[in-house]
Amino acid sequence: MNTNRFSGTLHLPGDADFEEAVHGRVFNARRPADRIPAAVLRAVTEQDVVEGVRLALERGWQVAVRSGGHSWAAWSVRRDALLIDLGGFREMAYDETTGIVTATPSVKGGDELNPYLGGFGRFFNGGHCPSVGIGGFLLQGGQGWNARGWGWAAENVVAIDVVTADGELVRADESENSDLFWAARGAGPGFFGVVTRFHLRTRPLPRHLAHTVHAYPLDLFDEVMTWLHDMHHTVSPLVEIVALTQSPPGLDGPVLLVTGVAMTDSPQEAAEALAPLHANPYADRAMFRVEAQPTTLVEQLTGQRTANPEGHRYFVDNAWLTGTAAEVVPAIRKAFTEHPTRQTFTIWFSMAPLRQLPDMAFSLQSEIYCASYVVHDDATRDAELRAWLDEAMAAMQPVTAGQYLGDSDFTVRQLRFMGDEQWRRLNEIRNARDPKGVFAGHLSAGPVTNTNHWES
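Attention in this report is confined to the structure presented alongside it. All values reported here derive from a predicted model rather than from experimental measurement.

**Some words on the sheet that holds strand E16 (residues 313-321)**
Right, on to step 1. With respect to topology, eight strands assemble into an open sheet ordered E15-E12-E14-E13-E17-E18-E16-E19, the strand pairing being antiparallel. Each having just a single partner strand, strand E15 (288-295) and strand E19 (400-402) make up the two edges of the open sheet. Along the sheet, successive strands turn relative to each other by an average axial angle of 25°, direction set aside.
Right, on to step 2. Taken together, the four bridges between strand E13 (residues 239-246) and strand E17 (residues 345-350) define a ladder with antiparallel strand orientation. Bridge pairing in E17 places Ala243 opposite Trp348.
Right, on to step 3. Sitting on the sheet, helix H7 (residues 221-231) touches strand E12 (208-216), E13, strand E14 (255-264), E17 and strand E18 (368-376), and the angle it makes with E14 is about 25°.

Shown next as structure tokens:
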């Protein structure tokens, strides 16, 4: 096979470094040994991506893509497909006249993109975990910093450069190849192309960040979460609201943390925005309280990095929740109060009040997002911990509207993840753009149906 067409490196089964090429950049240490790609192309240029897709067409291979490697299910590792790994293709450029930044998919939102933009006084609401690449994050919708107030990160994609199923590099935006542009904002790993560059609208860097943290014992879970459920929609859209259960360093076990991060321009503005969270009627029973304390993005990202350590085994699942506090709080209690490992954490993320979404493939959300992250190091516990997570998610079923691609594993559980009309349209575009199924699509145990199984 002629490999001189690539600036990067093509790795084939039997090569000494093939295993490293397949799994070396997979964040989750629980890796899919039963899915062996036909080859791995470590691309370092845009032309490498073009040639990679053309090689797959010549060989009759499907194509899968890796940007940051953070997919919990390792969606990029597909049996008998060409894995195009974009980890070595990293470029950024900022246009001060338009406020648009152009970045390749493997650029890390917190570790690379925002430090770069900070030099221009700009910011992009990328992923919370700083080492997440922007590629998979944006294709799935992008639940970034203050998504509640600023919207989904994909809403700030103004154009993409993409290699199509024909091996051609094209620009897609609202007026040119608009079908690809529509699909790229929400199709996730089901997107039928390789994005080589995202063109992103940025925002001014907030001049003042402040956070509030109340820590409560778990025996107050029902009371505190009922109060939060009933009031979170009244808080300023300048505040990201997250409740989570985790075991902080220095404490013997898990506690319930009710947090708010205000990204504003002044201490007074932040204090006013966070004040409703300080009015928690159970605040005098908190184990500790931090209120409107100045913070920085670096501090916030350090906390995220601590909660999402590298080199560990993860099981993750999620649900969009809807219902009254009397319905939701009991349904999520197991996921929050019965953690099977010390490093496990579960989040409740406010999206209320819901904003109107633009016309894009991403189309399913509710006022509350819940996700549980089981973190451990013992492979012998995999079955037990998977069962615990399945039970926790099953308890939420009566109040579950669907799931978010970013924290899903369709080989285990597949629910509704976009609107019915958007799903129909996505499949129409796929059939037109990739009729031969060059791109591997969503990794699933069976046909992807975009339905909640208990409703069918």
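**As for the sheet that holds strand E3 (residues 62-66)**
Right, on to step 1. Taken in spatial order, the four strands line up as E1-E2-E4-E3 in an open sheet, and their pairing is mixed. Only two strands of the sheet have a single neighbouring strand rather than two, namely strand E1 (9-11) and E3. Here the strands of the sheet are splayed against their neighbours by 20° on average, with no regard to which way each runs.
Right, on to step 2. As defined by bridge partners, E1 adjoins strand E2 (residues 39-42) across three bridges and the pair is classed as antiparallel. Bridge pairing in E2 places Thr9 opposite Arg42.

**Here we look at the packing of H7 against helix H10 (residues 325-337)**
Right, on to step 1. Following both chains from N to C, one finds H7 and H10 inclined at 130°, their axes separated by 10 Å at the closest point. Compared by their axis directions, H7 and H10 come out oblique. For the pair H7 and H10, the sense of crossing is right-handed. Between H7 and H10, the contacting residues are Phe221, Asp222, Met225, Thr226, His229 and Asp230 on the first element and Ala325, Val328, Val329, Ile332, Arg333, Phe336 and Thr337 on the second.

**Considerations on the environment of Leu244**
Right, on to step 1. Within the secondary structure, Leu244 sits in strand E13.
Right, on to step 2. On the basis of relative accessible area, Leu244 is assigned to the buried category, the value being 11%.
Right, on to step 3. The spatial distance from the C-alpha of Leu244 to the C-alpha of Pro267 is 25 Å, given a sequence separation of 23 residues.
Right, on to step 4. In contact with Leu244, other than residues within four places in its own chain, are Val255, Leu256, Leu257, Thr259, Phe336, Thr346 and Ile347.

**Re a negative patch on the surface**
Right, on to step 1. There is a patch of like negative charges on the surface, built from Asp15, Asp17, Glu19 and Glu20.
Right, on to step 2. Inspection of the secondary structure assignment puts Asp17 in the loop between E1 and helix H1 (18-23).

**Considerations on helix H11 (residues 382-395)**
Right, on to step 1. The terminal C-alpha atoms of H11 lie 20 Å apart, and with 14 residues this matches the ideal 20 Å at 1.5 Å per residue to within 8%.
Right, on to step 2. Elements that come into contact with the buried residues of H11 comprise E16, H10 and E18.

**With respect to the packing of aromatic side chains**
Right, on to step 1. Across all of its chains, the model carries 19 aromatic pairs by this definition.
Right, on to step 2. Seen in terms of ring centroids, Phe123 and Trp150 are 5.8 Å apart; in terms of plane orientation they differ by 65°. Their pairing is edge-to-face. With Phe123 in strand E7 (residues 122-123) and Trp150 in helix H5 (residues 147-150), this residue pair connects regions lying 27 residues apart in the sequence. Comparing Phe123 with Trp150 shows no difference in burial state: the two are buried.
Right, on to step 3. Ring geometry for Trp152 against Phe362: centres 4.2 Å apart, planes inclined by 45°, an arrangement best described as tilted. One end of the pair, Trp152, is in the loop between H5 and strand E8 (157-163); the other, Phe362, is in the loop between E17 and E18, with 210 residues separating them in the sequence.
Right, on to step 4. Looking at Trp152, the relative accessible area reads 1%, which means it is buried.
Right, on to step 5. Through a chain of ring-to-ring contacts, three or more aromatic side chains come together here, namely Phe27, Trp72, Tyr314, Phe345 and Tyr373.

About the cut-offs
- Residues numbered from 1 in each chain as written.
- Predicted model: local features only at pLDDT ≥ 70, side-chain atom pairs only at ≥ 80, totals over all residues.
- Heavy atoms only, no water.
- Pairing = 2+ DSSP bridges.
- Helix = DSSP H or I, 4+ residues; strand = E, 2+ residues; numbered from the N terminus.
- Axes fitted to C-alpha atoms, helices over the stretch in contact; angles between N-to-C directions.
- Contact = heavy atoms within 4.5 Å.
- Parallel < 35°, antiparallel > 145°, perpendicular 65-115°, else oblique.
- Left-handed = near helix turned anticlockwise from the far one by under 90°.
- Buried < 20%, exposed > 50% of the residue type's maximum accessible area, 1.4 Å probe, protein only.
- Patch = residues over 30% accessible without salt bridge, like charges linked within 9 Å, V, L, I, M, F, W, Y side chains within 5 Å.
- Areas by Shrake-Rupley, 256 points an atom, 1.4 Å probe, with all protein chains shown as cover.
- Salt bridge = Lys/Arg side-chain N within 4 Å of Asp/Glu carboxyl O.
- Lys, Arg positive; Asp, Glu negative; His and termini not counted.
- Charge placed at Lys NZ, Arg CZ, Asp CG, Glu CD.
- Expected span 1.5 Å × (residues − 1).
- Phe/Tyr/Trp six-rings, centres within 6.5 Å; stacked < 30°, edge-to-face > 60°.

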